[in-house]
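# Chains, contacts and geometry: an overview
Spelled out from the first residue to the last, the chains are:
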Amino acid sequence: DLPLAITTENTVPTGAGLASSASGYAALTRALCGAFALELGETEMSLIARHGSGSAARSLWHGFVRWNVGEQADGSDSHGVSLDLRWPAFRIAILAVDTGPKSKSSRSGMNHTVETSPLFAAWPATAEVDCDFIETAVAEQRFDLLGPRVEANALAMHATILAARPSLKYLSSQSWQSLERLWEARTQGLNAFATMDAGPNIKLVFLEDETSDVLQIFPTAEVIDPFGFA
């Protein structure tokens, strides 16, 4: 019976594979819990946010977060856990390839992939192994281990999606051009790696001392310091 008005504003394009829904539902969950003084714990808020967008489960915090798969068949115990790990030199860059809305939403695309891709059966176990590996690499601040595994994981996800029947493609020709430019730059010494959500835009991960080189190769990149907000 309480009046309620919700106004949202994104700092990233909506529906373009840049986590607009994840960040939006995470922000909405925190805002509602605060407005109604619900005094919910972090785990409860993560579980609630996930109903709006799966990735919102890990978007309530700054810094590194692990999204636990859970054990229940319906995923009801799948939630994010903020990791008490700081890496001040860690950087992310967004390469905005296409900021328009995707033709197929992440939720719809993932359901289609689960139901039809013959490669999906191997994905959950692969993702869990990669998650353990990446968390250890972050804890030890081993970028030489982190970078290659992050990129390999993202490419494996897109390969799984591409194998859906009928095939589903999120990466565009411009996405691949950016990846090719990155891979060529790595042969020249650039220490940066790519990751991609369900969309055409590319995110790069690297350390602070690579920033000038990244911007020289990708002048329009938006560089983010994940720990500059905390």
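Presented here is an overview of the structure given in this document. Every chain is numbered independently, its residues counted from 1 as its sequence is written. Local features in this predicted model are restricted to residues of pLDDT 70 or higher, and side-chain atom pairs are both shown and tallied only at a pLDDT of 80 or more, whereas totals for entire chains, interfaces and linings draw on every residue. To get the side-chain values, take all heavy atoms of the structure and skip hydrogens and water.

We now examine the pattern of salt bridges. Should a side-chain nitrogen of Lys or Arg be within 4 Å of a carboxyl oxygen of Asp or Glu, the pair is scored as a salt bridge. Under the criterion given, the structure shown has ten salt bridges. Taking the shortest distance from any N to any O, the salt bridge between Glu 128 and Arg 66 comes out at 3.1 Å. Pair noted here: Glu 128 is in helix α4 (residues 123-139) and Arg 66 is in strand β1 (residues 65-68), with a separation of 62 residues, a long-range link. The cut-offs for exposure are 20% and 50% of the maximum accessible area for each residue type, with area from a 1.4 Å probe on protein chains only; residues under the lower value are buried, those over the upper are exposed, and the others partly exposed. A relative accessible area of 33% means that Glu 128 is categorised as partly exposed. Only runs of H or I of at least four residues qualify as helices and only runs of E of at least two qualify as strands under DSSP, and these elements are numbered from the N terminus.

Within this scheme, the nonpolar core is defined by two criteria: the residues are buried Ala, Val, Leu, Ile, Met, Phe, Trp, Tyr or Cys, and they are joined through side-chain atoms within 4.5 Å. Of all hydrophobic cores here, the largest spans 17 residues; its most connected members are Leu 182, Ala 194, Met 196, Ile 202, Leu 204, Val 214 and Phe 218. Put simply, the parts of the chain that give this core at least two residues each are β3 (90-95), α6 (173-187), β4 (192-195) and β5 (202-207). We call two residues in contact when some of their heavy atoms are within 4.5 Å. Beyond its immediate sequence surroundings of up to four residues, Phe 218 is in contact with Leu 95, Ser 178, Arg 181, Leu 182 and Leu 204. Within the second largest apolar cluster, twelve residues are counted, among which are Phe 64, Phe 90, Val 138 and Phe 143.

We now examine the packing of aromatic side chains. Classification of ring pairs uses Phe, Tyr and Trp, with its six-membered ring standing for Trp, and accepts pairs whose centres are within 6.5 Å; under 30 degrees between planes counts as stacked, over 60 as edge-to-face, and the remaining range as tilted. Applying the stated criterion across every chain yields a total of six aromatic pairs. Where Phe 64 meets Phe 227, the ring centres are 5.6 Å apart and the plane angle is 50°; that geometry is what we call tilted. Here Phe 227 lies in the segment after β6 (222-224) and Phe 64 lies in the loop between α2 (42-52) and β1, a separation of 163 residues in the sequence. Residue classification places Phe 64 among the buried residues on the basis of a relative accessible area of 14%. Ring centres of Trp 87 and Phe 90 lie 5.5 Å apart, and the angle between their planes is 40°; on these two criteria the pair is classed as tilted. Looking at Trp 87, the relative accessible area reads 3%, which means it is buried.

Glancing now at the sheet that holds β3. Taken in spatial order, the four strands of this open sheet run β4-β5-β3-β6, and their pairing is antiparallel. Each edge of the sheet is formed by a strand with only one pairing partner; in this case those strands are β4 and β6. Here the average twist between neighbouring strands, direction ignored, is 25°. Note that β3 and β5 share six bridges and pair antiparallel. Bridge pairing in β5 links Phe 90 to Leu 207. What counts as an axis is a line fitted to C-alpha atoms, over the stretch in contact for a helix, and the angles between N-to-C directions run from 0 to 180 degrees. Together, β3, β4 and β5 form the strand contacts of α6, whose direction differs from that of β4 by roughly 160°. Paired strands are those between which DSSP finds at least two bridges.

Here we come to the pairing of β5. Here β5 lies mainly inside the structure; five of its six residues are buried. Bridging between β4 and β5 involves four bridges; their strand directions are antiparallel. The residue of β5 that forms the bridge with Ala 192 is Phe 206. Here β4 folds back onto β5 in antiparallel fashion, the turn holding six residues.

Let us now look at the side chain of His 79. Its place among the elements puts His 79 in strand β2 (residues 79-82). By relative accessible area, His 79 is classed as buried at 16%. What His 79 contacts, discounting residues up to four positions off in sequence, is Thr 43, Ser 46, Leu 47, Ala 57, Arg 66, Trp 67 and Asn 68.

The values reported here are purely geometric and, on their own, carry no functional implication.
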